[in-house]
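Okay, here's what each chain looks like letter by letter:
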Amino acid sequence: GAVVSQHPSRVICKSGTSVKIECRSLDFQATTMFWYRQFPKQSLMLMATSNEGSKATYEQGVEKDKFLINHASLTLSTLTVTSAHPEDSSFYICSACRSSTDTQYFGPGTRLTVL
Amino acid sequence: GQQVMQIPQYQHVQEGEDFTTYCNSSTTLSNIQWYKQRPGGHPVFLIQLVKSGEVKKQKRLTFQFGEAKKNSSLHITATQTTDVGTYFCAGAGGTSYGKLTFGQGTILTVHP
């Protein structure tokens, strides 16, 4: 149990385009989902916390208008990188948990490359 | 804000040697979690420590949570090549319930 999927696993896009990444909890309902970004050989940096039915809470320094997060259901959260640029190239990982006291279950990640 | 420092950043060991990574938080934590990330993979949950002074074991892995709930360690006995990867601690605490602050990670290389 507690499986989280992400789609796509890998995406290459041109500079200026928008990319949507989906995060799904497959066998449980996730009241909270988290979005992280990880650069090569670095740690996971929390970008935002997403609660179903409410606006996401962004970490300091993360642009809300650039990284649009939608958590429309208890099993799906999406992250849209708008007007992507090469510096947005990174490994984006989501996690989901049943409640704020639950363990976070991580998705397999999405590797974004912006040309 | 909360910061979690993890050392060492890199560790190279010969197969069979022991390995330890340490985490220190700038604030008292409600719990600390440990994850392992294989190269090219995503973090996989290993364990969560909640109680002050808690010690948990998983086969060759021993996890400790400090009495003040601000530091933690992961010790691997007799490393194997399958232990290769990056080990992250992640602290939960403060007012942002459920939010994790990750340490920088320790990249473990095991030489056969």
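A short tour of the structure in this document, coming up. (Residues numbered from 1 in each chain as written. Chains lettered and ligands numbered in written order. Predicted model: local features only at pLDDT ≥ 70, side-chain atom pairs only at ≥ 80, totals over all residues. Heavy atoms only, no water.)

Looking at the overall build of chain B
Now for step 1: In terms of helices and strands, chain B carries 0 helices and 11 strands.
Now for step 2: In terms of overall dimensions, chain B is globule-like: its C-alpha atoms have a radius of gyration of 13 Å, near the 13 Å expected for 112 residues.
Now for step 3: C-alpha extents for chain B along the principal axes are approximately 45 × 30 × 20 Å.
Now for step 4: Out of the 112 residues in chain B, the part that is buried amounts to 46%.
Now for step 5: Sequence separation of at least 24 residues holds for 54% of the intrachain contacts in chain B that already meet a minimum separation of 6.
Now for step 6: Of the roughly 5400 Å² of accessible surface on chain B, a fraction of 52% belongs to carbon and sulfur atoms. (Helix = DSSP H or I, 4+ residues; strand = E, 2+ residues; numbered from the N terminus. Rg over C-alpha atoms; globule rule 2.2 N^0.38 Å. Buried < 20%, exposed > 50% of the residue type's maximum accessible area, 1.4 Å probe, protein only. Contact = heavy atoms within 4.5 Å. Areas by Shrake-Rupley, 256 points an atom, 1.4 Å probe, with all protein chains shown as cover.)

Thoughts on the interface of chain A and chain B
Now for step 1: Contact residues are listed per partner, giving 17 residues for chain A and 16 residues for chain B.
Now for step 2: In total, about 1500 Å² of surface goes out of reach between chain A and chain B, with carbon and sulfur atoms giving 59% of it.
Now for step 3: Taken together, the elements giving at least two residues each to the side of chain A that touches chain B come down to strand E4 (32-38), strand E5 (44-51) and strand E9 (90-97) of chain A.
Now for step 4: Examining the composition of the side of chain A that touches chain B, we find that 3 residues originate from one element, E4(A), more than from any other.
Now for step 5: Classifying every residue of the side of chain A that touches chain B gives 8 nonpolar, 8 polar and 1 charged. (Buried area = accessible area lost by both parts, 1.4 Å probe. Nonpolar A, V, L, I, M, F, W, Y, C, P; charged D, E, K, R; others polar.)

Some thoughts on the environment of A:Thr113
Residues and elements named next belong to chain A.
Now for step 1: Looking at the secondary structure, you find Thr113 in strand E11 (residues 110-114).
Now for step 2: On the accessibility criterion, Thr113 (30% relative accessible area) is partly exposed.
Now for step 3: The sequence separation of Thr113 and Cys13 amounts to 100 residues, and the corresponding C-alpha distance is 6.4 Å.
Now for step 4: Apart from the residues within four sequence positions on either side, Thr113 is in contact with Val11, Ile12, Cys13 and Ser89.

Points about the state of the cysteines
All names here are of chain A.
Now for step 1: In this structure the tally under the stated criterion is 2 disulfides over all chains.
Now for step 2: The disulfide partner of Cys23 is Cys94, and the gap between their sulfur atoms is 2.0 Å. What sets the handedness of the Cys23 and Cys94 disulfide is the S-S torsion sign, and at about 80° it is right-handed. Note that Cys23 is positioned in strand E3 (residues 19-25) and Cys94 in strand E9, a separation of 71 residues in sequence. (Disulfide = S-S within 2.5 Å.)

Quick notes on the pairing of strand E1 (residues 4-7) of chain A
Residues and elements named next belong to chain A.
Now for step 1: Residues Val4 and Gln6 point to one face of E1 and are all buried, whereas Ser5 and His7, pointing to the other face, are not buried.
Now for step 2: Bridge count for E1 against E3 is 4 bridges, and the pairing is antiparallel. Looking at the pairing, Val4 lines up with Ser25 of E3. (Pairing = 2+ DSSP bridges.)

As for the sheet that holds strand E3 (residues 19-25) of chain B
Residue and element names in this part refer to chain B.
Now for step 1: Spatial strand order, E1-E3-E8-E7-E6: 5 strands in an open sheet with antiparallel pairing. In this open sheet, the two strands that pair with only one neighbour each are strand E1 (4-7) and strand E6 (55-58). Ignoring which end each strand starts from, the neighbouring axes of this sheet average 15° apart.
Now for step 2: Direction of pairing for E3 relative to strand E8 (residues 71-76): antiparallel, over a ladder of 6 bridges. Bridging from a neighbouring strand, Asn24 pairs with Asn71 of E8. (Axes fitted to C-alpha atoms, helices over the stretch in contact; angles between N-to-C directions.)

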